[in-house]
Amino acid sequence: MRAFTLAEPGASSRLSGPIGRLAQGVSAGLFITLLVLNLVQVGLRAAGGGFVWVTDLSQLMLLWMVMTGVVAAYCAGEHIVTGYLDTKLGGRPQIVLLLGLRVLEVLFFLILVIAGYTVATVRAAIPYVQLGISTGWTYAAIPVAGVLLLAAALSRPLSLPSPEVPLDDLPEGRP
C-alpha cells in the first residue's frame with residue numbers, strides 16, 4: 001500500500017503550474033484591456049462620443065477575466081481552497097480530509113463543465129446587440145474554466161495551505 005505524503009503549501013504539478021501561469025497572464029491581460037477600454041470610453045463619452053459596442057465587449061471580457069482568475073487562484077492554492085480544519089489535523093485524518101476535499105472539488109468542477117456547457121449552448125442562439133456575435137462566447141468561459149480546473153485538480157499534489165500568521169507576529173499598528 002502506497003503512503004500519501006503532503007506537499008509544501010502552494011505546490012503545483014507539471015500541469016497545474018503552467019495552467020495557473022497561463023490563466024494568470026490571460027486574466028491580467030483581460031483586466032488591463034478592460035480597464036483601458038473603459039477609461040477610453042469614459043473619455044470619449046465626456047467629449048460627446050463613445051462606442052456603443054463597449055458594453056457588450058466588457059461583459060464578454062469580464063466573465064472570461066473572472067473565470068481565468070479563478071483558475072489562476074486555484075492553481076496557486078489561493079482563495080478558493082480550504083485552510084482551517086486541514087491545518088488542525090495531522091496524519092491519516094488529515095489525508096482523509098484532503099482526499100475528501102479533492103473529490104468534492106473535482107465534482108464541483110465537473111458541474112461547472114456540464115452546467116456551463118448547457119448555459120453556453122442555450123446562450124449561443126442569443127447574439128449581442130452591438131457586437132453581433134453570440135453571447136455563448138461569453139458563457140463558454142465557464143466550461144473552459146471547469147476543464148482547466150479539473151486538469152489542475154487531478155494533477156495537483158495534496159498540500160496544506162500556508163499557516164495563518166499569528167496576530168502576535170504582526171508589526172505594530174497592523175490589524
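Please read all numbers here as calculations on a predicted model, not as lab measurements. (Residues numbered from 1 in each chain as written. Predicted model: local features only at pLDDT ≥ 70, side-chain atom pairs only at ≥ 80, totals over all residues. Heavy atoms only, no water.)

Asks: Describe the overall build of the protein, and please don't skip the residues or the numbers.
Replies: A count of helices and strands for the protein gives six helices and zero strands. Ordered by position in the sequence, the α and β elements of the protein form the string α-α-α-α-α-α. Across the 175 residues that make up the protein, the buried fraction comes to 32%. Considering only residue pairs separated by 6 or more positions, the protein has 77% of its internal contacts joining residues 24 or more positions apart. Here the protein has roughly 11,100 Å² of accessible surface; of this, 69% comes from carbon and sulfur atoms. (Helix = DSSP H or I, 4+ residues; strand = E, 2+ residues; numbered from the N terminus. Buried < 20%, exposed > 50% of the residue type's maximum accessible area, 1.4 Å probe, protein only. Contact = heavy atoms within 4.5 Å. Areas by Shrake-Rupley, 256 points an atom, 1.4 Å probe, with all protein chains shown as cover.)

Asks: Explain the nonpolar core residue by residue, including any values.
Replies: The biggest cluster of nonpolar side chains holds 17 residues, and the ones touching the most others in it are Val71, Tyr74, Cys75, Phe109, Leu112, Leu149 and Ala153. Secondary-structure elements contributing two or more residues to this core are α1 (16-46), α2 (54-75), α4 (91-123) and α6 (141-155). The greatest single-element share of this core, amounting to seven residues, is contributed by α6. When neighbours within four sequence positions are excluded, leucine 149 is seen to be in contact with Val70, Val71, Tyr74, Phe109 and Leu112. Judged by nonpolar contacts, the second largest core, of six residues, contains Leu30, Leu34, Val54 and Met65. (Core = buried A, V, L, I, M, F, W, Y, C linked by side-chain atoms within 4.5 Å.)

Asks: Please provide a residue-by-residue account of α6, values included.
Replies: If you check α6, its first and last C-alpha atoms are 21 Å apart, about what 15 residues at 1.5 Å a residue would give, namely 21 Å. Looking only at α6, the buried set comprises Ala141, Ile142, Pro143, Ala145, Gly146, Leu149, Leu150, Ala152 and Ala153. Buried residues in α6 make contact with α1, α2, α4 and α5 (136-139). (Expected span 1.5 Å × (residues − 1).)

Asks: Explain a nonpolar patch on the surface to me, using residue names and the numbers behind them.
Replies: On the surface, a nonpolar cluster with roughly 890 Å² of combined accessible area is contributed by Phe31, Ile32, Leu35, Val36, Leu39, Val40, Leu44, Phe51, Val52 and Trp53. Within the secondary structure, phenylalanine 51 sits in the loop between α1 and α2. (Patch = residues over 30% accessible without salt bridge, like charges linked within 9 Å, V, L, I, M, F, W, Y side chains within 5 Å. Salt bridge = Lys/Arg side-chain N within 4 Å of Asp/Glu carboxyl O.)

Asks: So, the packing of aromatic side chains: which residues are in play, and what are the values?
Replies: Overall, the coordinates contain three aromatic pairs when judged by the stated rule. With a centroid separation of 5.1 Å and 85° between ring planes, the pair formed by tyrosine 74 and phenylalanine 109 is classed as edge-to-face. With tyrosine 74 in helix α2 and phenylalanine 109 in helix α4, the pair connects residues that are 35 residues apart, well separated along the chain. Per residue, the accessibility class of tyrosine 74 equals that of phenylalanine 109, and both read buried. Members of the aromatic cluster, connected to one another through ring pairs, are Tyr74, Phe108 and Phe109. (Phe/Tyr/Trp six-rings, centres within 6.5 Å; stacked < 30°, edge-to-face > 60°.)

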